[in-house]
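Residue-level listing of the chains:
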Amino acid sequence: IVTRGPRLTWESDSMKNVFALILIGLVGCGVAFARDKTDVLILDNGDRITGEIKQLQHGRLQISTDRMGVIDVEWEGVVTVKSNYEFQFDRANGQRLSGRIAKDAEAGYLVVEGDGESVTIPRDLIIRISQLEESFRDALSGSMTFGYSFTKASDVAQLNLGFRVRHRNLIRSFALEGSTIVTDDEATETTQRSDLRLSRTRFRPNRWFNAYLIGFESNDELGLNLRSSFNASIGRFLRQSNTSELAVFGGLVASNESLANDVSSQDNLEGLLGLEYSRYSFSEPNVDMSFKMAVYPSFTDSGRIRGQLDAGIRRELISDLFWDLTFYETYDNKPPSGSESTTDYGVVTSVGWSF
């Protein structure tokens, strides 16, 4: 894609393929079908809200109503929850269970009935509530982002697109996500940075998890036409609460790299060490912060080390509409293409929609 001023034109087949993959992901982001709106919330100020409980996440209980649409309620302000449906409950200690919410419970507690027994849980130790749906599509969540900028003085234009679709149940989650950044500079050639990832995470007892990821990545700045990779890792959440999550992980990565100016390719085996942190603020407007760092020391290319850093702030504008500010940095001390540049970094702003 070439972005010159207000115009967008196709330039290469490779970018057509990347953009088509992203469009497929966007089309796949279906809106969930609603069930009956008979759930009831009673708040600490005496207000009563009737609707369909969608989820509890990041300290916000989301409920869909007939008159007010979808609204977020601060979890600590909810006194009573009534529902005839089953939900999945995630606790701060990493335990997960499913069942119905009992009608009678002491203030500050939630009683979950399932499998012939009742479990009493302090409400402040419940960090996630999810619907148990029969339909795969009903359990999808995700977001889409779009950004565009053009500066006449420098004749530089940039387009960025991104999407994320996720499905999560009691024991595992799947995610499909991708992004592309295309920069057109009058003084240089058009450059692009794109990636597409499909991941699966299996949740284990005591906050442990193992994850598998298939990824595809291209980066003109580092002379990389395509990196196809598969990684397997194991990790643990060091902290899980309604305001933050902190996880560490490690594993192995097998990849094949195709170079931009060479028909040859090379195979690699690398280690993986990483850290991921997220923090959430319910104060108006809602603000989410994320930080992820991963280091890849190579086993097949002695002395080679790759690194990836991603940090972002997401600020809610209105319901389901948000503004993103993200920073990324990609490092490779021995680029396979022999490129003089070992680092690619940038700051990206965009607007997006979540569901």
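Residues numbered from 1 in each chain as written. Predicted model: local features only at pLDDT ≥ 70, side-chain atom pairs only at ≥ 80, totals over all residues. Heavy atoms only, no water.

Regarding the overall build of the chain
Within the chain, the secondary structure is distributed over 1 helix and 24 strands. Across the 355 residues of the chain, 44% fall into the buried class. Within the chain, contacts between residues at least 6 apart in sequence are counted, and of these 50% link residues at least 24 apart. In the form shown here, the chain has an accessible surface area of approximately 18,500 Å², with 54% of it arising from carbon and sulfur atoms. (Helix = DSSP H or I, 4+ residues; strand = E, 2+ residues; numbered from the N terminus. Buried < 20%, exposed > 50% of the residue type's maximum accessible area, 1.4 Å probe, protein only. Contact = heavy atoms within 4.5 Å. Areas by Shrake-Rupley, 256 points an atom, 1.4 Å probe, with all protein chains shown as cover.)

Regarding the pairing of strand E14 (residues 156-168)
For E14, a buried count of 10 out of 13 residues is recorded, marking the element as mostly surrounded by other parts of the structure. Pairing geometry for strand E13 (residues 140-151) and E14, over 12 bridges, is antiparallel. From the neighbouring strand, Tyr-148 faces E14, where its bridge partner is Leu-159. When E14 meets strand E15 (residues 172-185), the two strands line up antiparallel, connected through 13 bridges. (Pairing = 2+ DSSP bridges.)

A short note on the nonpolar core
If you look at the biggest cluster of nonpolar residues, it comprises 20 residues, and the most contacted ones within it are Leu-41, Val-78, Val-81 and Phe-89. For this core, the secondary-structure elements that each account for two or more residues are strand E3 (39-43), strand E4 (48-57), strand E5 (60-65), strand E7 (78-82), strand E8 (86-91), strand E9 (96-101), strand E10 (109-114) and strand E12 (126-131). With 3 residues, E4 is the largest single contributor of residues to this core. Those residues in contact with Phe-89 that lie beyond four places of it in its chain are Gln-95, Arg-96, Leu-97, Gly-99, Ile-101, Leu-110, Val-112, Ile-126, Arg-128 and Ile-129. By size, the runner-up hydrophobic cluster in this structure holds 9 residues, among which are Phe-209, Ala-247, Phe-249 and Tyr-296. (Core = buried A, V, L, I, M, F, W, Y, C linked by side-chain atoms within 4.5 Å.)

A short note on a negative patch on the surface
Among the surface-exposed residues, Asp-44, Asp-47, Glu-74 and Glu-76 lie close enough to one another that they form a single negatively charged patch. Here Glu-74 lies in strand E6 (residues 69-74). (Patch = residues over 30% accessible without salt bridge, like charges linked within 9 Å, V, L, I, M, F, W, Y side chains within 5 Å. Salt bridge = Lys/Arg side-chain N within 4 Å of Asp/Glu carboxyl O. Lys, Arg positive; Asp, Glu negative; His and termini not counted. Charge placed at Lys NZ, Arg CZ, Asp CG, Glu CD.)

Considerations on a nonpolar patch on the surface
Residues Leu-176, Leu-198, Tyr-212, Ile-214, Phe-216, Leu-226 and Phe-230 make up a contiguous nonpolar surface patch of roughly 580 Å² in combined accessible area. Secondary structure elements with two or more residues in the nonpolar patch: strand E17 (208-219) and strand E18 (224-240). In terms of residue count, the dominant contributor to the nonpolar patch is E17 (3 residues). The topology assignment puts Phe-230 in strand E18.

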